[in-house]
Structure formats: C-alpha cells, structure tokens
Amino acid sequence: MGRRRKRRKAVVKKVVKVPTVFECPRCASRTLSITLKKKDENRAYAIIACGTCGLLDDEDFTDIPAIYQAVDVYAKFIDLYNSGRAKIKSISESGAGIGQST
Ligand SMILES: [Zn+2]
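Residues numbered from 1 in each chain as written. Predicted model: local features only at pLDDT ≥ 70, side-chain atom pairs only at ≥ 80, totals over all residues.

Visitor: Any chance you could explain the nonpolar core here in plain terms?
Guide: The tendency in soluble globular proteins is for nonpolar side chains to be buried side by side. Counting residues in hydrophobic clusters, the biggest one holds 16 residues, and the most contacted among them are Leu 32, Ile 34, Ala 46, Ile 48, Val 73, Tyr 74 and Phe 77. For this core, the secondary structure elements donating two or more residues are strand S2 (32–38), strand S3 (43–50) and helix H1 (70–82). Ile 34 has contacts with Thr 20, Phe 22, Ala 46, Ile 48, Ala 70, Val 73 and Tyr 74, leaving out every residue within four places of it along the chain. (Core = buried A, V, L, I, M, F, W, Y, C linked by C-beta atoms within 7 Å. Buried ≥ 20, exposed ≤ 12 C-beta atoms within 10 Å, placed from the backbone. Helix = DSSP H or I, 4+ residues; strand = E, 2+ residues; numbered from the N terminus. Contact = placed C-beta atoms within 7 Å.)

Visitor: What is the right way to look at the pairing of S2 in this model?
Guide: Looking down a regular strand, the side chains alternate between one sheet face and the other. Pairing of strand S1 (residues 21–22) with S2 involves two bridges; the strand directions are antiparallel. Bridged to Phe 22 within S2 is Leu 32. Sheet topology places S2 next to S3; seven bridges connect them, and they run antiparallel. Bridge pairing in S3 links Lys 37 to Tyr 45. Between S2 and the antiparallel strand that follows it, S3, lie four residues. (Pairing = 2+ DSSP bridges.)

Visitor: Whenever I open this one, unusual backbone geometry confuses me. Can you help?
Guide: Working note: non-glycine residues mostly have negative phi, and peptide bonds are mostly trans. Positive phi outside glycine occurs at Ala 28, with the angle close to 65 degrees. Within the fold, Ala 28 resides in the loop between S1 and S2.

Visitor: How should H1 be read in this particular structure?
Guide: Think of an α-helix as 3.6 residues a turn; residues three or four steps apart then line up on the same face. Taking 1.5 Å as the rise per residue, H1 with 13 residues should run 18 Å; its terminal C-alpha atoms sit 18 Å apart, in good agreement. What H1 keeps buried is the set Ala 70, Val 73, Tyr 74 and Phe 77. All buried residues of H1 fall inside an arc of 100 degrees around its axis, so they share one side. Counted as exposed and oriented over 90 degrees from the buried face of H1: Ala 75, Asp 79 and Asn 82. Buried-residue contacts for H1 involve S1, S2, S3, strand S4 (55–57) and strand S5 (64–65). (Expected span 1.5 Å × (residues − 1). Arc of directions from axis to C-beta.)

Structure (structure tokens):
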C-alpha cells in the first residue's frame, strides 16, 4: 500500500511549429532560412539562404525526399558546410565585392 504519487501530467499539447530559421554557420546569425518546395509526391528541394551575410545554397538539396523537414536539411547542410563541400553562393554576388579591379 504505497502512497500514490501524483504524477504531473504535462498535457499541454501545443502544435509544435518546426522552425525553419536556423543559425547560420558562416555569420552565426539566426537568420538562416530554409525553404522547402515539393517537386512531386516523393521529391522536394530546399533553398538555404541567410538574410544577414547573403549565404545561398540552392544546389546541394535539389533532390531530397519529400518527407525531409527543414531541420533535416539543416543538419545535412551543416555537414556539407563543415566539410567544405557545400556549394555556397552569395545572394549579393552581382559582380561587385570579391576581386576588385584596381
Ligand atoms: Zn549568414
């Protein structure tokens, strides 16, 4: 006959919104947005863009399973980024910037 401990039930069932904004590996701002677009029932693609430093990656995730969520893409992107294999471009890359001519 033990005492019954009342277990606190955490019944707060909020609909958890999956974040689509992450920390940018390049500038460390929390402005890295991941946009997922479905191509068809099974395949999708993702565009990764940072609003602060202009990082853009729209080539590495052009064919991903449609069940992928932004967090999955983000994890893979970080892997790629850290291994130096991510095909990163810059949004503001329009001629100016790197390689100034004297
Ligand atoms: Zn950034």
